[in-house]
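Survey of secondary and tertiary structure
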Amino acid sequence: MSARRSPWWGLVALCLPMLLVSMDVSVLFFAVPFISADLDPSPAQQLWIFDVYGFVLAGLLLTMGAVADRVGHRRLLMVGAVGFSAASILAAYADSAATLIAARALLAVAGATLMPSTLALIRHLFDDARQRATAVATWSAVMSGGVAVGPIISGVLLEHFWWGSVFLINVPVMVALVVVAPLLLPGGTGDRSRRIDLASSVLALATLLPIVGGVKALSTDGVSADRIGVVVAGVVVGVVFAHRQLRLAHPLIDLRMFSDRRFATSIWINLIAMFGVIGNAILMTQYLQSVLGFSPLRAALWSLAPSVVVAFAAPAATSLAARLGRPAVMSGGLVVAAAGFAVLATMTGPASLPAVLVGAGLLAAGLVATTALVADHVVGVAPSDRAGSVAGLLETTSELGGALGIAVLGSVVNALYRNAFPAGVPGADTAARESLAGAVATAGRMGSGVPGAGREVLDSGRDAFVSGLHGAALAGAVLLAVTAIVCLRMLGVRDRAPEVRSEVDV
């Protein structure tokens, strides 16, 4: 590869847009009060301002991965960069909640073109397996770091500018990507003979949107027949989608790749790992803000602390995999993450910041190390002409795993909270007995009348939440430990990262 197309400079070009795409998941955390004051969204609109990005992104990743394999990964990346810039400008200057929701949906469409294209281009940039493993580890660390950095960037910008500035920061980076992409990234990676089945694209959307949306609704609004029905409907459509893929000459995702045990197991491990990453992020956010009483900015800064280890975990995992084998290190990462959950389950109290940081740090290190190796393995064994489709599948399972993490661990916390909240607390209403957020609100109302009157309600809510956190963390520890065993049994211990050169025979 020529000097003007150094693969490492190309990796820098690919990581910058991924940082922004992942940041957009969380960048609105601090902006909500400003947006509410300016646009006056209804409760439903405020929910959609948050959720539409993740829903549309999850629904389109498979389709955009297949499109990238047809038109070329660099070309679709540049189209996505232009679209992301335009949607960012529209969001920044939105004059109504409806316009902002539409802009967020367009951001997700553009983001769906960027995510599989970047990972697929890493597959084409790095022929050497050892270098590719390091590159994918860096890509994974940037993806994880973006979600953590988003609230920090948002908080800093909102100190000095209006809420639209959290979107405008996307524009110069995307413009720079359009300029440097032809210089640093390989072209001609598409296959024009491949067809995009529109019916499969519709079925993918009709599968993923109800499943992801329904699972999140179950976690936030509780179990009900209609919410379960939405998830079941998505699963049924998913069966139809899978049946159609097996019949097509050019499927959206070739399900025959799952006949390779290494590929199928790696996809499952990725889903479970993201279950732990996002599920823990939700627990930690609530603990820092509602139990310790930190302001949003202070909570965001403390939540960033465990992410420091991510910068070292992914490269270290790649080096260890070269000596010990990828499955052994992946399994070890899951065990480390399970230990993090165990720390949260046994050492967390109403005022245990050090223990929470240690537990979250172990989780971050173990799971990022695991997902980095999973991504390298999945992309490495996939045929190069289907790298976009496989990258889209990997990232779709990440979105689904994150949704399940929120739903399952959130549901465990809520159930245990209701059971642990003591009876007979003076002034405790139904809201206080249902959730910590309700207890905080109730205590605030009581305190506004008589100083200190809501203290018992608040303390009871915090203790009940910690009990729920213990149960959820224990469940997470068990799940990750079992997955570590499955990893070793299904993958063996001899698959060393640098030597993996095989492709799935399809």
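Residues numbered from 1 in each chain as written. Predicted model: local features only at pLDDT ≥ 70, side-chain atom pairs only at ≥ 80, totals over all residues. Heavy atoms only, no water.

**A word on the overall build of the protein**
Defined as follows: In DSSP terms, a helix is any run of H or I states spanning at least four residues, a strand is any run of E spanning at least two, and both are numbered starting from the N terminus. Accessible area is worked out with a 1.4 Å probe on protein chains only. A residue is then buried under 20% of its type maximum, exposed over 50%, and partly exposed in between. In what follows, residue pairs with any heavy atoms lying within 4.5 Å of each other are defined as contacts. In these tables, accessible area is a Shrake-Rupley quantity obtained with a 1.4 Å probe, and a residue counts as shielded only by the protein chains included in the view.
Counting its secondary structure elements, the protein contains 19 helices and zero strands. For the protein, with 506 residues in total, the buried portion stands at 55%. Within the protein, contacts between residues at least 6 apart in sequence are counted, and of these 82% link residues at least 24 apart. Carbon and sulfur atoms make up 67% of the accessible area of the protein, which amounts to about 20,100 Å² in all.

**Here we look at the packing of helix H11 (residues 261-291) against helix H14 (residues 326-347)**
Two quantities define a packed helix pair, namely the angle between the helix axes and the distance between the axes. Quick note on the threshold: Between the N-to-C directions of two axes lies an angle of 0 to 180 degrees, each axis being a line fitted to C-alpha atoms and, for a helix, fitted only over the stretch in contact. These descriptions rest on fixed angle ranges, namely under 35 degrees for roughly parallel, over 145 for roughly antiparallel, 65 to 115 for roughly perpendicular, and the rest for oblique. What makes a crossing left-handed is the near helix being turned counterclockwise from the far one by less than a right angle; a clockwise turn instead makes it right-handed. Basically, the charged four are Asp, Glu, Lys and Arg, the nonpolar ten are Ala, Val, Leu, Ile, Met, Phe, Trp, Tyr, Cys and Pro, and anything else, Gly included, counts as polar.
Here H11 crosses H14 at 25°, and the two axes come no closer than 12 Å. Here H14 runs roughly parallel to H11, going by the angle between their axes. Judged by the twist between their axes, the crossing of H11 over H14 is left-handed. In contact with Ile269, Gly276 and Asn280 of H11, H14 contributes Met330, Leu334, Phe341 and Leu344. Here the residues of the contact of H11 with H14 sort into five nonpolar, two polar and no charged.

**Side note on the pattern of salt bridges**
The criterion, for reference: Counted as salt bridges are all cases of a side-chain nitrogen of Lys or Arg within 4 Å of a carboxyl oxygen of Asp or Glu.
The full count for this structure, using the stated rule, is one salt bridge. Across the pair Arg455 and Asp459 runs a salt bridge whose closest N-O atoms are separated by 3.5 Å. Of the two residues, Arg455 and Asp459 both sit in helix H19 (residues 455-491), four residues apart, roughly one turn of that helix. Overall, the relative accessible area of 44% leaves Arg455 in the partly exposed class.

**Some points on the packing of aromatic side chains**
Rules: Any two rings among Phe, Tyr and Trp, with Trp reduced to its six-membered ring, count as a pair given centres within 6.5 Å; such a pair is stacked if its planes are under 30 degrees apart, edge-to-face if over 60, and tilted if neither.
Summed over the entire model, instances satisfying the criterion amount to two aromatic pairs. A ring pair is formed by Tyr417 and Phe421, whose centres lie 5.9 Å apart and whose planes are at 40°; its orientation type is tilted. The same class applies to Tyr417 as to Phe421, namely buried.

**Concerning the side chain of Arg462**
Note the threshold: Within this scheme the basic residues Lys and Arg register as positive and the acidic residues Asp and Glu register as negative, but His and the chain ends are omitted.
Relative to the assigned elements, Arg462 resides in helix H19. In this structure, Arg462 is buried with no salt-bridge partner, the nearest side chain bearing the opposite charge being Asp459 at 4.4 Å.

**A few points about the packing of helix H1 (residues 7-23) against helix H8 (residues 170-184)**
Where H1 meets H8, the axes come as close as 10 Å, and the angle between the chain directions of the two elements is 155°. What the angle tells us is that H1 and H8 run roughly antiparallel. Along this stretch, H1 crosses H8, giving a crossing that reads as left-handed. Along the contact surface, H1 presents Trp9, Gly10, Ala13, Leu16, Pro17 and Leu20, while H8 presents Asn170, Val173, Met174, Leu177, Val180 and Leu184. Across the contact of H1 with H8, the residue classes break down as 10 nonpolar, two polar and no charged.

**Regarding H11**
Filter applied, for reference: Here the expected length of a helix is defined as 1.5 Å per residue gap, with one fewer gap than residues.
Taking 1.5 Å per residue as the helical rise, H11 with its 31 residues ought to reach 45 Å, and the 43 Å between its terminal C-alpha atoms agrees with that figure. At the exit of H11 stands Gly293, carrying a positive phi of roughly 75°.

**Some thoughts on unusual backbone geometry**
Positioned with a positive phi, Asp40 is a non-glycine residue whose angle comes to about 50°. Assignment of secondary structure puts Asp40 in the loop between helix H2 (32-39) and helix H3 (43-71).

**Considerations on the nonpolar core**
The following threshold applies: Take the buried residues of types Ala, Val, Leu, Ile, Met, Phe, Trp, Tyr and Cys, join any two whose side-chain atoms come within 4.5 Å, and each joined set is a nonpolar core.
In terms of nonpolar packing, the biggest core is built from 138 residues, with Leu100, Ile122, Trp163, Phe167 and Leu480 touching the most fellow members. Of the residues forming this core, the biggest block, 14 residues, is contributed by helix H5 (residues 97-125). Once residues within four sequence positions are removed from consideration, Trp163 is found in contact with Ala31, Phe34, Ile35, Asp38, Leu39, Ala91, Ala92, Ala94, Leu100 and Leu158.

**Looking at the environment of Arg192**
By the element assignment, Arg192 lies in the loop between H8 and helix H9 (198-221). In sequence terms Arg192 and Val71 are 121 residues apart; their C-alpha atoms lie 6.4 Å from each other. With residues up to four places along the chain from it excluded, the contact list for Arg192 reads Arg70, Val71 and Arg75.

**Details of a nonpolar patch on the surface**
Keep this limit in mind: The residues that make up patches have over 30% relative accessible area and no salt bridge, and they are joined within 9 Å when like-charged or within 5 Å when they are Val, Leu, Ile, Met, Phe, Trp or Tyr.
Residues Ile89, Tyr93, Phe161 and Trp162 make up a contiguous nonpolar surface patch of roughly 450 Å² in combined accessible area. Phe161 gets classed as exposed once you look at its relative accessible area, which sits at 52%.

**Regarding the confidence of the model for the protein**
We apply this condition: Residue-level confidence of the predictor, termed pLDDT, takes values from 0 up to 100.
With 89% of its residues at a pLDDT of 70 or more, the protein has an overall mean of 80. Note on residues 497-506: pLDDT is under 50 here. Beyond four places in sequence and across chains, it has 30 contacts.

**Considering the side chain of Ser117**
Basically, it comes down to this: The term polar contact refers here to a pair of N or O atoms within 3.5 Å; inside protein, the definition further demands a hydrogen-donor-capable atom paired with an acceptor-capable atom, and it admits residues adjacent in sequence only when both atoms are side-chain atoms.
Tracing the backbone shows Ser117 in helix H5. At 2.7 Å, the side chain of Ser117 forms a polar contact with the backbone oxygen of Thr113. Those residues in contact with Ser117 that sit more than four places away from it in its chain are Ala68, His73, Leu76 and Leu77.

**A short note on the environment of Ser290**
Residue position: Ser290 is located in helix H11. Distance from Ser290 to Phe465, taken between C-alpha atoms, is 9.3 Å for residues 175 residues apart in sequence. With residues up to four places along the chain from it excluded, the contact list for Ser290 reads Leu436, Val440 and Arg462.

**Structural notes on the environment of Arg261**
Structurally, Arg261 can be placed in helix H11. Placed 229 residues apart in sequence, Arg261 and Met490 show a C-alpha to C-alpha distance of 7.0 Å. Not counting residues within four places of it along the chain, the set of residues in contact with Arg261 comprises Met490 and Leu491. Within the structure, Arg261 has its side chain in polar contact with the backbone oxygen of Met490 (distance 2.9 Å).

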